[in-house]
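Descriptive structure summary
Each chain, written out:
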Amino acid sequence: MTGQVRTVDGRVAGRRGQATRLKLLDCLSDMLSSSPYRDVKVIDVARKAGTSPATFYQYFPDVEGAVLELADTTAKEGGGELDALVAGRSWTGKAGARTAEDLVDGFLAFWRRHDAILRVIDLAAAEGDKRFTRLRTKLLTSVVGSLTEAIKEQQAKGRVDKNVSAAALAGTLVTTMTGVAGHQKGFSSWGAKQADVKPALVLLTHLGVTGRKPA
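1. Details of the environment of Gly14
Looking at the secondary structure, you find Gly14 in the segment before α1 (15-32). Given the relative accessible area of 36%, Gly14 is considered partly exposed. Placed 16 residues apart in sequence, Gly14 and Asp30 show a C-alpha to C-alpha distance of 24 Å.

2. Comments concerning the nonpolar core
One finds Leu32, Phe132 and Leu147 to be the most contacted residues of the largest nonpolar core, which totals 60 residues. If we ignore the near neighbours within four places in the chain, the residues touching Leu147 are Val86, Trp91, Leu103, Ala170, Leu173, Val174, Met177 and Val209.

3. Description of the layout of surface pockets
Taken as a whole, the largest pocket holds about 380 Å³ of empty space. Considering the residues around the largest pocket, the lining is formed by 18 residues, among which Leu22, Leu25, Asp26, Leu70 and Thr73 are closest to the centre. If you list the elements that add at least two residues to the lining of the largest pocket, you get α1, α4 (63-83) and α6 (115-126). Broken down by element, the lining of the largest pocket gets its largest block of residues, 6 residues, from α1. Taken together, the residues of the lining of the largest pocket sort by class into 7 nonpolar, 5 polar and 6 charged. Estimated volume of the second largest pocket: approximately 210 Å³. Taken together, Trp111, Arg112, Asp115, Arg119, Ala181, Gly182, His183, Gln184, Lys185, Gly186 and Gln194 make up the lining of the second largest pocket. Contributing elements (two or more residues each) for the lining of the second largest pocket: α5 (93-113) and α6.

4. Thoughts on the side chain of Gln154
In this fold, Gln154 is placed in helix α7 (residues 130-156). Judged by its relative accessible area of 2%, Gln154 falls in the buried class. Not counting the four nearest positions on each side in its chain, Gln154 is found in contact with Trp91, Arg159, Val160, Val209 and Thr210.

5. Notes on the packing of α6 against α7
Interaxial distance between α6 and α7 falls to 8 Å at its minimum, and their mutual angle equals 125°. With respect to α7, the axis of α6 lies oblique. The two elements α6 and α7 cross, and the hand of that crossing is left-handed. Contacts between α6 and α7 involve Leu118, Val120, Ile121, Asp122, Ala124 and Ala125 from the first element and Phe132, Thr133, Arg136 and Leu139 from the second. Here the residues of the contact of α6 with α7 are counted per class, giving 7 nonpolar, 1 polar and 2 charged.

6. Remarks on the packing of aromatic side chains
In this structure the tally under the stated criterion is 6 aromatic pairs. On the numbers, 5.7 Å between centres and 20° between planes, the contact of Phe107 with Trp111 is stacked. Of this pair, Phe107 and Trp111 both sit in helix α5, 4 residues apart, which is roughly one turn of that helix. Here the aromatic rings of Phe110 and Trp111 are separated by 5.7 Å at their centres, their planes lie at 65°, and the arrangement is edge-to-face. Side by side, Phe110 and Trp111 carry an identical accessibility label, which is buried. Each residue in the set Phe56, Tyr57 and Phe60 is aromatic and connected to the rest through ring pairs, giving one cluster.

The rules behind each value
- Residues numbered from 1 in each chain as written.
- Predicted model: local features only at pLDDT ≥ 70, side-chain atom pairs only at ≥ 80, totals over all residues.
- Heavy atoms only, no water.
- Helix = DSSP H or I, 4+ residues; strand = E, 2+ residues; numbered from the N terminus.
- Buried < 20%, exposed > 50% of the residue type's maximum accessible area, 1.4 Å probe, protein only.
- Core = buried A, V, L, I, M, F, W, Y, C linked by side-chain atoms within 4.5 Å.
- Contact = heavy atoms within 4.5 Å.
- 1 Å grid on protein atoms, 1.4 Å probe; cavity = no way out; pocket = protein on both sides within 12 Å on 5 of 7 lines; lining within 4 Å.
- Points joined across faces, edges and corners; volume = space filled by probe spheres on them.
- Nonpolar A, V, L, I, M, F, W, Y, C, P; charged D, E, K, R; others polar.
- Axes fitted to C-alpha atoms, helices over the stretch in contact; angles between N-to-C directions.
- Parallel < 35°, antiparallel > 145°, perpendicular 65-115°, else oblique.
- Left-handed = near helix turned anticlockwise from the far one by under 90°.
- Phe/Tyr/Trp six-rings, centres within 6.5 Å; stacked < 30°, edge-to-face > 60°.

So this is what it looks like as structure tokens:
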């Protein structure tokens, strides 16, 4: 929104400036799909956006700063999107099977849409960059929390072992989903069809939350 976006030197960007800034981010996102982010240069992003490096530097200190902006936006939007797949949903009977399926569908679709920036977040976090580690945590914290509550409800009903940490189980399930989602193209090399991945992940997720196979 106008008035909420500022240039590097603190000036408020108008509508035209915001449009330019957004175009730069969109072009950077496209470039990350085919190039390691450390190989992306300011001049290349500016050229692709039809503007100059000087204009790029009005909005971002460097390429890494722009990448962090993309990552932060993805984490903010994705956190709510993924949490909505679990929060307040039933895990009983056929409704539970639908919840597990929607959750897996949502994870796989989200990772496909944001594959480039999510790969950057994972790589930088694995290398120990705490900024990207925090963003990855921001993305997944809400859905882990909602899944933890769902598991606790199942434990209260005696369906899941009470000696198992609900938070640890929820975190393990979410980590499994993110791992599978980020490796969707690699299953064929193991002899697994792409169409078989989703049912397998739905089964694991439902079993983990409820202790039972999907209805």
